[in-house]
Amino acid sequence: MKARLDTIDWQILKELQEDGRITNVELARRVGISAPPCLRRVRALEEAGLVRGYRTLLDEKQLGYEVTAFAMVGLHNQTEADLVAFDAKIQSWDIVRESFMLSGEVDFILKCVAPDLESFQTFIIRELTSTPNVDNVRTALTIRRVKDVPCVPIEDD
């Protein structure tokens, strides 16, 4: 169900996506309302689950994580218990930064960030392929990032 939001709510969400550190006073100014109702609206959006959280985006390369790669994983079985067990295993791997369950030939795609190729290979060989229920793993190393917009597309009115 799509949330029922008015124009101000959409503007608030757009501004927060662009700058999660914006002050309430500045946010209120940008969306054209006073600070107290702006804060009430932000809290309501948070409580409704529309705002999942706030975070700082770091540059992984500058922090020494030179390799970004994807692992496409096929499982032997996709029973609910098997999927829950694999989900739990994914949560334990720090190298995996994002994971999606897919339909089609691949069951999961894992976005991995590692300091170097050797670390990524070690993860694939010692952790991922040896995990119970993993049938096959294909990997793809990224060459360069072409687009990086971790936001929901919000149209301007």
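Our focus in this paragraph is the packing of aromatic side chains. The relation between two aromatic rings is expressed through the spacing of the ring centres and the mutual angle of the planes. Summed over the entire model, instances satisfying the criterion amount to 3 aromatic pairs. With a centroid separation of 5.2 Å and an interplanar angle of 80°, the aromatic rings of Trp93 and Phe123 are classed as edge-to-face. One end of the pair, Trp93, is in the loop between helix H4 (80–92) and strand S2 (96–101); the other, Phe123, is in helix H5 (residues 117–128), with 30 residues separating them in the sequence. A relative accessible area of 5% places Trp93 in the buried class. Each member of the aromatic cluster is reached from another via a ring pair, and the members are Phe86, Trp93, Phe108 and Phe123.

Bringing the pattern of salt bridges into the picture now. Close approach of charged atoms lets side chains of opposite charge pair. Within the structure shown, the criterion is met by 9 salt bridges. The closest approach of N and O atoms between Asp9 and Arg41, which form a salt bridge, is 2.9 Å. Note that Asp9 is positioned in helix H1 (residues 7–18) and Arg41 in helix H3 (residues 35–47), a separation of 32 residues in sequence. Taking the relative accessible area as the measure of exposure, Arg41 reaches 25% and is therefore partly exposed. The salt bridge partner of Arg30 is Glu26, with a shortest N-O separation of 2.9 Å. Residue Arg30 and its partner Glu26 are both found in helix H2 (residues 24–31); the two are separated by 4 residues, about one turn of the helix. For Arg30, a relative accessible area of 38% corresponds to the partly exposed category. Through salt bridges with shared partners, a single ionic network connects Glu15, Glu26, Arg29 and Arg30.

Pairing in this open sheet of 4 strands is antiparallel, and the strands run S2-S3-S1-S4 from one edge to the other. Strands at the two margins of the open sheet, each flanked by one partner only, are S2 and strand S4 (134–141). With strand direction ignored, the average angle separating the axes of adjacent strands in the sheet is 20°. Where H4 meets the sheet, its contacts fall on strand S1 (67–75), S2, strand S3 (108–114) and S4, and the angle it forms with S3 comes to roughly 15°. Of the strands in this sheet, S1, S2, S3 and S4 touch H5, which is tilted by about 170° from S4.

Parameters at a glance
- Residues numbered from 1 in each chain as written.
- Predicted model: local features only at pLDDT ≥ 70, side-chain atom pairs only at ≥ 80, totals over all residues.
- Heavy atoms only, no water.
- Phe/Tyr/Trp six-rings, centres within 6.5 Å; stacked < 30°, edge-to-face > 60°.
- Helix = DSSP H or I, 4+ residues; strand = E, 2+ residues; numbered from the N terminus.
- Buried < 20%, exposed > 50% of the residue type's maximum accessible area, 1.4 Å probe, protein only.
- Salt bridge = Lys/Arg side-chain N within 4 Å of Asp/Glu carboxyl O.
- Pairing = 2+ DSSP bridges.
- Axes fitted to C-alpha atoms, helices over the stretch in contact; angles between N-to-C directions.
- Contact = heavy atoms within 4.5 Å.

Purely geometric stuff here, so don't read any function into it on its own.
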